[in-house]
Amino acid sequence: MFKNIIARKPCPSVTEGITSASLGKPDYELALKQHEAYISALERCGVEITLLEENDSYPDSCFVEDVALCTKKCAIITRLGAPSRRGEAGLPDMKAALERFYENIEVIKEPGTIEAGDIMMAEDHFYIGLSARTNEEGAKQMIGFLEKYGMTGSVVALAEVLHLKTGLAYLENNNLLTAGEFVTKPDFAKYNRIEVPSFEDYAANCIWVNGNVLMPAGYPITQKAVENLGYNVITVDTSEYRKIDGGLSCLSLRF
Ligand code: CIR
C-alpha cells in the first residue's frame, strides 16, 4: 500500500519542456487543470499528498518521479541524465519533503546518471532501464543502495523508449502491462503480461495505487483489459503532459 505522494505543480515554463513528440506545446492553463484532476484522483485512492510549489527555472520539474526513488526502506536521490533537469534533484523543497518521510537518504554521484522513470518496482525487486538518461554507472550505484537495504535490482537495455516505464507498468499481483519493445522481452516472461496495442502505447504508463489503477483517458482497449483484471480504473486526462513526453507515473512519487 502507498501512504504518501509527493508531486510538484507545473510551472508556466512547462510549455518549454523537453520533447521528442510533435504534438505542439502544452497549454499551461489546461496542464494546471489536468494536474489538479490528477491530484484529486490520487486523493481518492487514500494517500496523503505533499504538493510542492512550482519552480519556473525547471520546465520539466513537475515530473518529480525522475528525481528520487522512494522505497519502503530508503529514498535515493538521482542524478538526472538530461543536463537541463539536473538541478531538479537537489531542490531544497524536494529534499525537505523527502527528509520528512525518510531517515535513510542516499544520493547518486557523478559520473552516474539515472532518472527514476527508468526504474520499475516489482515487490522488492527493481528493474532499471539503461537509456539515453540512465547509464551503467548510475544503475550500478542504484543497485548497490538497494542491496544495502535488503532489496535487489537488475538492468534492462532499452532501444526505443525514453524511460523504462514509458512502456511498462507493474500493477501488483504479478500483472504487468507491456508495450512495444517490452512485449517479448524475456526479462519479464514470469509475469502475467497484458499487451498494450501499438496504437494505444501511451496507455502502458499507468500507476497502481492501493487497488486502483490510474490510467490516461482515451485508451479504451487497454482500459478494458485492466478492468478485466479486477482493478478499479480511474482515468485522468494527461494530453498536455504527453506533448512533452510525460505520462501519469512521471507526475508523482508514491511510497
Ligand atoms: C523529459 O524529457 O525529461 C520530460 N519532458 C518528460 C519526463 C517524463 N518522465 C518520466 O517518464 N518519468
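Thresholds applied
Residues numbered from 1 in each chain as written. Predicted model: local features only at pLDDT ≥ 70, side-chain atom pairs only at ≥ 80, totals over all residues. Heavy atoms only, no water. 1 Å grid on protein atoms, 1.4 Å probe; cavity = no way out; pocket = protein on both sides within 12 Å on 5 of 7 lines; lining within 4 Å. Points joined across faces, edges and corners; volume = space filled by probe spheres on them. Helix = DSSP H or I, 4+ residues; strand = E, 2+ residues; numbered from the N terminus. Nonpolar A, V, L, I, M, F, W, Y, C, P; charged D, E, K, R; others polar. Buried < 20%, exposed > 50% of the residue type's maximum accessible area, 1.4 Å probe, protein only. Pairing = 2+ DSSP bridges. Axes fitted to C-alpha atoms, helices over the stretch in contact; angles between N-to-C directions. Phe/Tyr/Trp six-rings, centres within 6.5 Å; stacked < 30°, edge-to-face > 60°. Polar contact = N/O pair within 3.5 Å; in protein donor to acceptor, adjacent residues only side chain to side chain. Contact = heavy atoms within 4.5 Å.

A.B. asks: Explain empty space enclosed by the protein here, please?
C.D. replies: A water-sized probe, rolled over the atoms, reveals where empty space remains. Applying the stated criterion across every chain yields a total of three cavities of 30 Å³ or more. Of the volumes computed, that of the largest cavity is approximately 340 Å³. Lining the largest cavity are 20 residues, with F2, E65, M121, K165 and R254 positioned closest to its centre. Counting only elements with at least two residues in the lining of the largest cavity, the list comes to β3 (68–70), β6 (119–122), β9 (168–170), β12 (207–209) and β15 (253–254). Looking at the lining of the largest cavity residue by residue, the class counts come to 15 nonpolar, one polar and four charged. In this structure, the second largest cavity occupies an estimated 110 Å³ of space. Lining the second largest cavity are 13 residues, with F63, R85, L162, I244 and D245 positioned closest to its centre. Its residues placed into classes, the lining of the second largest cavity shows five nonpolar, two polar and six charged.

A.B. asks: Can you help me understand unusual backbone geometry in this one?
C.D. replies: With glycine set apart, most residues show a phi of negative sign, and most peptide bonds adopt trans. Of the consecutive residues E110 and P111, the connecting peptide bond is found in the cis state with omega at 5°. Looking at the element boundaries, P111 is found in the loop between β5 (105–107) and β6. Its identity as a non-glycine residue notwithstanding, E172 has a phi of 65°, on the positive side. Note that E172 resides in the loop between β9 and β10 (175–178). Overall, E172 belongs to the buried group, its relative accessible area being 17%.

A.B. asks: Help me understand the sheet that holds β10, please; the structure alone is not making it clear to me.
C.D. replies: Strand pairs in the sheet, formed through backbone hydrogen bonds, run parallel or antiparallel to each other. Read from one edge of the open sheet, three strands run β9-β10-β11, paired in mixed fashion. A single partner strand is all that each edge strand has here, and the edge strands are β9 and β11 (192–195). The sheet shows a mean angle of 20° between the axes of neighbouring strands, direction not considered.

A.B. asks: Teacher, can you tell me more about the packing of aromatic side chains here?
C.D. replies: We describe a pair of aromatic rings using the distance from one ring centre to the other and the angle between the two ring planes. One pass over the full model with this rule turns up nine aromatic pairs. Considering the side-chain rings of F2 and W208, the 5.7 Å spacing of their centres and the 65° angle between planes classify their relative orientation as edge-to-face. Of this pair, F2 sits in the segment before β1 (4–8) while W208 is found in strand β12, placing the two residues 206 residues apart along the sequence. Exposure remark for F2: the relative accessible area of 12% places this residue in the buried category. Taking the centre distance of 6.1 Å and the plane angle of 85° together, the rings of F63 and Y241 count as edge-to-face. Remark: Y241 occurs in helix α5 (residues 239–242) and F63 occurs in the loop between β2 (48–52) and β3; sequence separation between them is 178 residues. Residue F63 shares its accessibility class with Y241, and that shared class is buried. One aromatic cluster is present, formed by Y127, Y170, F182, F188 and Y191 through successive ring pairs.

A.B. asks: Explain the side chain of T134 here, please?
C.D. replies: Note that T134 resides in the loop between β7 (125–130) and α3 (136–148). At a separation of 2.7 Å, a polar atom in the side chain of T134 contacts the side chain of D118. When residues no more than four places from it in sequence are discounted, the contact partners of T134 are T113, I114, E115, D118, I128 and G129.

Remember that the coordinates give geometry; whether it matters functionally is a separate question.
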